[in-house]
Structures are given as structure tokens and as C-alpha cells.
Amino acid sequence: MSSTRDFYDDLACDYHLMFADWDASTARQAAVLDTLVRRRLGAGPQRVLDCSCGIGTQAIGLAGAGYDVVGSDLSPRAAARAAVEAAERGLRLPTAAADMRRLPFAPSVFDVVVCADNSLPHLLSAADVSAALGEMRRVLRDGGLLVLTVRNYDELRRTRPASTPPQVKETPDGRVITFQLWHWHEDGERYDLEHFQVIPAGDAWTVRRRTATYWALSRPQLTRLLAGAGFADVTWHAPEATGFHQPVVTCQVRRAST
């Protein structure tokens, strides 16, 4: 099983191929996140850290919507690509390679921290998740907002799917097919993922396989960990209500007593 960094370093050049239209998706996701941020913090402008920015799927959209965004990611290749992709679209997105458990930023410098696309469940223990949440809280100002998105693991732990439906992207060279196989551990909470991309190569196909492990955090588990890390007003937003592809969790740093 490869490390999480290896997984995303290798995927960085192909990540956009999982989307029918990556640019449209960045704009669509930013619109949902913008609505949730405005609902809690008002119009802004807000300073945002995307601490699992990847190649910029959320960060670029938010920068385009007027936010002052900084990106960080465990994968140096993904973070570097995010900065390049933003610059090609006329946007400023400074990025850094960083583990979310050890963020290289001063305390209380961000209004919003985003951790999207099921990134937090790469951490496989309560201690590691708590360390990451503690770092997110540390870099947020009092009253600052944390926005997480994760898979619907309450349902997935019940059904234990063995695979995901294939995603198909049309490219000038032909169709790219992406799908996943899931191998559940005996504890019923963690699973090994095999990520496949089938890419046209002339009259043949190239198959790219990458592996990672996830902790299928249930809603009660994550809610308790957020409360333990010092976040309040934990609210879950269903995809049916937001239009986002995953459940979204919002919560705020408890204001310092005066």
C-alpha cells in the first residue's frame, strides 16, 4: 500500500481526468462553499486556507470568487500544479507542501479553513484526526469557520460497497475511465482503495493503478472529534440541500471568553 503522499504525487498529473469538465466543477463547488461561508461569516472578503488543496479544485474556484486563498497539500506535486493552474487562469494562489497535522502558518491568520474531497479520512486514527483538527483550529481566528467535506460514511459502512461506478471523461485522445475498488478491513471502519484510470493509448489502453487507505468516519465520530478540538455549532449539510457532491460539515472556533 502506497503512502498518501505517494498516492497524490502520482495522481497529480491525471487528477482532472476524473471530471467531465474540471473548470466547471471548480466554479460549481466554489459557489456552494461561498454560500455556506456567507451564511456564517457574511460577505467578507475572507482569507481562506485550503489545507488539502490538491490541484486546486476548490481553491481556484474560491480565488475566482474573490476570496484571498492560500493552498497547502501533503503532495508537493499537487500543490505546485494548483499554483500553476491558478496562474494560467489569471488568479493568485500561493501554495505550500504541508501535512495538515503540522500546518506551517501562524496562529489566528485565517477566517476560513477548507478541507474538502474526503481528505481528512486519510488519517487513520483519532489521534491523527484530532491533531489535524487542532492545527486547523490554531490557524483560524476566533469565530473562524471550518468547512469539511467527507463521503457519506454512515451509509457506506452499512452497505460496504466493493466498488464505485465508473466515471467517463471525453478527451481528444478518447475516453478516460476512472473507477475504484474498495477492500474493507475487519473492523468495518477502514478500507483499502484501489484507484484505476484506463487511458487511451493509440489502439490500446494504459491502466494506471494507485492505492490508498481511508478511515470511514461516521457522523457521530467526526462530530465528537470536532467538539473535542474546540469547534462549536457543528452543522451537517446534505448533498440534496447544497448541491455539493459530498456531505459538508461547517463549524466555528469557540470565541475566546472576555
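Let me begin by describing the structure that accompanies this report. Just so you know, these numbers come straight off a predicted model, no measurement behind them.

Thresholds applied
- Residues numbered from 1 in each chain as written.
- Predicted model: local features only at pLDDT ≥ 70, side-chain atom pairs only at ≥ 80, totals over all residues.
- Heavy atoms only, no water.
- Phe/Tyr/Trp six-rings, centres within 6.5 Å; stacked < 30°, edge-to-face > 60°.
- Helix = DSSP H or I, 4+ residues; strand = E, 2+ residues; numbered from the N terminus.
- Buried < 20%, exposed > 50% of the residue type's maximum accessible area, 1.4 Å probe, protein only.
- Pairing = 2+ DSSP bridges.
- Axes fitted to C-alpha atoms, helices over the stretch in contact; angles between N-to-C directions.
- Core = buried A, V, L, I, M, F, W, Y, C linked by side-chain atoms within 4.5 Å.
- Contact = heavy atoms within 4.5 Å.
- Salt bridge = Lys/Arg side-chain N within 4 Å of Asp/Glu carboxyl O.

**Quick notes on the packing of aromatic side chains**
Here is step 1: Under the criterion given, the structure shown has 9 aromatic pairs.
Here is step 2: Summarising the aromatic geometry, the rings of Y153 and Y191 are spaced 6.1 Å apart at their centres and angled 55 degrees between planes, so their arrangement reads as tilted. Here Y153, found in helix α6 (residues 153-159), pairs with Y191, found in strand β8 (residues 190-201); they are 38 residues apart in sequence, far enough to count as distant.
Here is step 3: Overall, Y191 belongs to the buried group, its relative accessible area being 0%.
Here is step 4: Summarising the aromatic geometry, the rings of Y191 and Y214 are spaced 5.4 Å apart at their centres and angled 10 degrees between planes, so their arrangement reads as stacked. A residue pair is termed long-range when its members are at least 10 positions apart, and Y191 in strand β8 and Y214 in strand β9 (residues 204-215) qualify at 23 residues.

**Things to note about the sheet that holds β9**
As a general point, the strands of a sheet are linked pairwise by backbone hydrogen bonds and lie either parallel or antiparallel.
Here is step 1: Overall, antiparallel pairing links the 4 strands, which are arranged β6-β7-β8-β9 in an open sheet. The sheet is open, and its two edges are formed by β6 (167-171) and β9, each paired on a single side. When the angles between neighbouring strand axes are averaged without regard to direction, this sheet yields 20 degrees.
Here is step 2: Bridge count between strand β7 (residues 174-184) and β8: 8 bridges; the pairing is antiparallel. Paired with F179 across the bridge in β8 is F196.

**Considering the pairing of β7**
Here is step 1: In the sheet, β6 pairs with β7 via 5 bridges, with the strands oriented antiparallel. Across the sheet, E170 pairs through a bridge with R175, a residue of β7.
Here is step 2: Between β6 and β7, which pair antiparallel in sequence order, lie 2 residues.
Here is step 3: From the end of β7 to the start of β8, which pair antiparallel, there are 5 residues, and G188 there has a positive phi angle of about 75 degrees.

**Some words on the nonpolar core**
Generally speaking, a soluble globular protein has its nonpolar side chains buried in company with each other.
Here is step 1: The biggest cluster of nonpolar side chains holds 43 residues, and the ones touching the most others in it are L62, V69, V112, V147 and Y191.
Here is step 2: Among the elements that make up this core, the one with the highest residue count is helix α2 (residues 22-41) (7 residues).
Here is step 3: For V112, the residues in contact, after removing those within four places along its chain, are V37, L41, Q46, R47, V48, L49, L140, L145 and V147.
Here is step 4: Judged by nonpolar contacts, the second largest core, of 31 residues, contains L123, V139, L148 and L225.

**What about the sheet that holds strand β1 (residues 47-50)?**
Here is step 1: Across the sheet, which stays open at both edges, the 7 strands sit in the order β3-β2-β1-β4-β5-β11-β10 with mixed pairing between neighbours. What marks the edges here is a single partner per strand, and that holds for β3 (95-97) and β10 (231-237). In this sheet, neighbouring strand axes are inclined to one another by 20 degrees on average, regardless of whether the strands run parallel or antiparallel.
Here is step 2: Bridge count for strand β4 (residues 110-115) against strand β5 (residues 140-149) is 5 bridges, and the pairing is parallel. When the bridges of β5 are listed, V112 appears paired with L145.
Here is step 3: Contacts from helix α5 (residues 126-139) reach β1, β4, β5, β10 and β11 (248-253), with the element oriented near 135 degrees to β5.

**Re the pattern of salt bridges**
Here is step 1: Overall, the coordinates contain 20 salt bridges when judged by the stated rule.
Here is step 2: Notably, a salt bridge pairs D187 with R190, separated by 2.7 Å at the nearest N-O pair.
Here is step 3: Its relative accessible area of 41% is what places D187 among the partly exposed residues.
Here is step 4: With relative accessibility at 18%, the residue R190 sits in the buried group.
Here is step 5: One salt-bridge network, held together by shared partners, links D10, D14, R208 and R210.

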